[in-house]
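What follows is each chain in one-letter form.
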Amino acid sequence: VFRGELEGCYLYSRHSNPSVNAFGKKIAAMEGMEAGFGVASGMSAIASSVLQIMDGPGHIVCSNTVYGGTWALFNNVLPKFGIEVSFVDPKDLTAWEQAISKKNTKILFTETLSNPLLAVADLKSLGEMSKKHGLKFVVDNTFTPMIISPAEFGADVVVYSCTKYISGSSDLIGGAIISSQDFINQLIDVNTGIAMLHGPVMDPRVAYELYSRLDHLGVRMKAHSQSAEKLAKKIVEANIEGVVYPGLETHPQFDLMKSQIHQEYGYGGMMTLDMGDLRKALDLAKKLQEVKFGLFAVSLGFTRTLMSCPAASTSSEIPEEEQKKMGLKTGLIRLSIGLCGDDDVMIDRFINSYREVIKS
Ligand code: PLP
């Protein structure tokens, strides 16, 4: 067992546990990849994958519109260990290519649909670029489980914050790494495995919960997508400007998004609205909570709608100057549209609240 040659002997749960293994197999099947492994959080999925691949100093090219925690890990922590990260506009393929040639690059990292700006990564082009240069392509698919399968476009490693849609109930923290069997074996190697030796493995009780919840993830994603698309379209019809949703034809990357999704699961549950300034964004979030449209909270992927103001919360790790560079405005409100409640009632609540806040 210690040499990694014998399966089926559950020696110690930080290395291998039947519930965590079952969860890993199931999520790997969902992703169409060889193997999966449960970890303690989305951040540990990202950190463990990246550290395992880097195996020492080197260079990563990363989309500049990633989740604030990922940005902070890459910008503030990894450089202390000799790993440099170049942040590029995820839409600018030339910028990716130019950033690669400069250093000892080992990884291209992107979110499929970025948090919070909802920029769509061109997975096929980035997958091809990573193959051309012999790099590993790591994709955070937290916003679009079931909707997009990054492995189909060349991702070598797919990571998730299971805290979000995969849990669906905002009641636990978890993460997943999906890749080849060889890479998962590297992660749990007793001598050199980052998951094994840094220790952020998934608690078996969390694995048990998530294993069951994967069964209805597809149904939930369809419902999130349906409610979000309906709301986005009604907002546009009501002449409210500033809504961004990847299922709207006005989204600058609508065609790319359409070409990457499994159509039956829709365009996802995430949308943003630019309220012009932080005060108005906060007022709208509070008003919408008051009228029971949703909850003013930073997470996402819950059954109920969650609203946050990323510039002052989940992206606050990113300095103002960088936020400006990536186009993150202080008045942006991020909405994770829920799947419970009557859509028509919720739409009326939204539009009425918006009009009240704008008038005030
Ligand atoms: N990736 C994305 C896209 C996220 O939005 C988040 C958290 O919001 C994470 C990773 C980190 O996940 P966790 O909080 O489970 O560590």
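Whatever comes next refers back to the structure up there.
All values derive from a computational prediction rather than experimental measurement.

The subject of this paragraph is the packing of helix H2 (residues 42-54) against helix H3 (residues 68-77). Close contact between H2 and H3 brings their axes to 10 Å; oriented N to C, the two are set at 30 degrees. Taken together, the axes of H2 and H3 are roughly parallel relative to one another. Where H2 crosses over H3, the handedness of that crossing is right-handed. On H3, the residues touching Met 43, Ile 46, Ala 47 and Val 50 of H2 are Gly 69, Thr 70, Leu 73 and Phe 74. Residues that form the contact of H2 with H3 fall into these classes: 6 nonpolar, 2 polar and no charged.

Okay, the pattern of salt bridges next. Within the structure shown, the criterion is met by 16 salt bridges. Between Arg 205 and Asp 203 there is a salt bridge whose closest N-O contact spans 3.3 Å. Asp 203 sits in the partly exposed class, given a relative accessible area of 31%. Here Asp 274 ties to Lys 329 by a salt bridge, and the two come within 3.7 Å at their closest N and O atoms. Taken together, the residues span a long stretch of sequence, with Asp 274 in strand E9 (residues 270-274) and Lys 329 in the loop between helix H12 (320-326) and strand E12 (332-336) at a distance of 55 residues. A relative accessible area of 24% places Asp 274 in the partly exposed class. Through salt bridges with shared partners, one network takes in Asp 171, Glu 209 and Arg 213.

The next thing to look at is the layout of surface pockets. By volume, the largest pocket amounts to about 680 Å³. Lining the largest pocket we find 29 residues, and of these Glu 7, Ser 16, Gln 181, Asn 185 and Ile 188 sit closest to its centre. Elements that contribute at least two residues to the lining of the largest pocket include exactly helix H1 (18-31), strand E1 (35-39) and helix H6 (181-187). Broken down by element, the lining of the largest pocket gets its largest block of residues, 5 residues, from H6. Across the lining of the largest pocket, the residue classes break down as 11 nonpolar, 11 polar and 7 charged.

Quick reminder: α-helices carry 3.6 residues per turn. Residues three or four places apart thus point the same way. For helix H11 (residues 278-290), with 13 residues, the first-to-last C-alpha span of 18 Å sits near the 18 Å given by 1.5 Å per residue. Here the buried face of H11 lies against E9, strand E10 (295-296), strand E11 (306-308), E12 and helix H13 (343-359). Sitting at the amino-terminal end of H11 is Asp 277, which places a side-chain oxygen 3.1 Å from the backbone nitrogen of Arg 279. Looking one or two residues past H11, Lys 292 carries a phi angle of roughly 65 degrees, positive in sign.

Another aspect to go through is the sheet that holds strand E8 (residues 243-244). The 5 strands are arranged E8-E9-E12-E11-E10 in an open sheet whose pairing can be described as mixed. The open sheet has two free edges, formed respectively by E8 and E10, since each of these has just one partner strand. One ladder, built from 2 bridges, connects E10 with E11; its direction is parallel. When the bridges of E11 are listed, Leu 295 appears paired with Leu 306. Along the sheet face, helix H9 (residues 217-237) touches E8 and E9 and points at about 25 degrees away from the line of E9.

Let us now look at the pairing of E12. Of all the 5 residues making up E12, 5 are buried; the element is thus mostly covered by neighbouring parts of the structure. Judged from the 5 bridges that link them, E9 and E12 form a sheet pairing that is antiparallel. Residue pairing across strands places Thr 272 opposite Arg 334, the latter belonging to E12. With 3 bridges joining them, E11 and E12 adopt antiparallel strand pairing. Looking at the pairing, Met 307 lines up with Leu 335 of E12.

Calculation criteria
Residues numbered from 1 in each chain as written. Predicted model: local features only at pLDDT ≥ 70, side-chain atom pairs only at ≥ 80, totals over all residues. Heavy atoms only, no water. Axes fitted to C-alpha atoms, helices over the stretch in contact; angles between N-to-C directions. Helix = DSSP H or I, 4+ residues; strand = E, 2+ residues; numbered from the N terminus. Parallel < 35°, antiparallel > 145°, perpendicular 65-115°, else oblique. Left-handed = near helix turned anticlockwise from the far one by under 90°. Contact = heavy atoms within 4.5 Å. Nonpolar A, V, L, I, M, F, W, Y, C, P; charged D, E, K, R; others polar. Salt bridge = Lys/Arg side-chain N within 4 Å of Asp/Glu carboxyl O. Buried < 20%, exposed > 50% of the residue type's maximum accessible area, 1.4 Å probe, protein only. 1 Å grid on protein atoms, 1.4 Å probe; cavity = no way out; pocket = protein on both sides within 12 Å on 5 of 7 lines; lining within 4 Å. Points joined across faces, edges and corners; volume = space filled by probe spheres on them. Expected span 1.5 Å × (residues − 1). Polar contact = N/O pair within 3.5 Å; in protein donor to acceptor, adjacent residues only side chain to side chain. Pairing = 2+ DSSP bridges.

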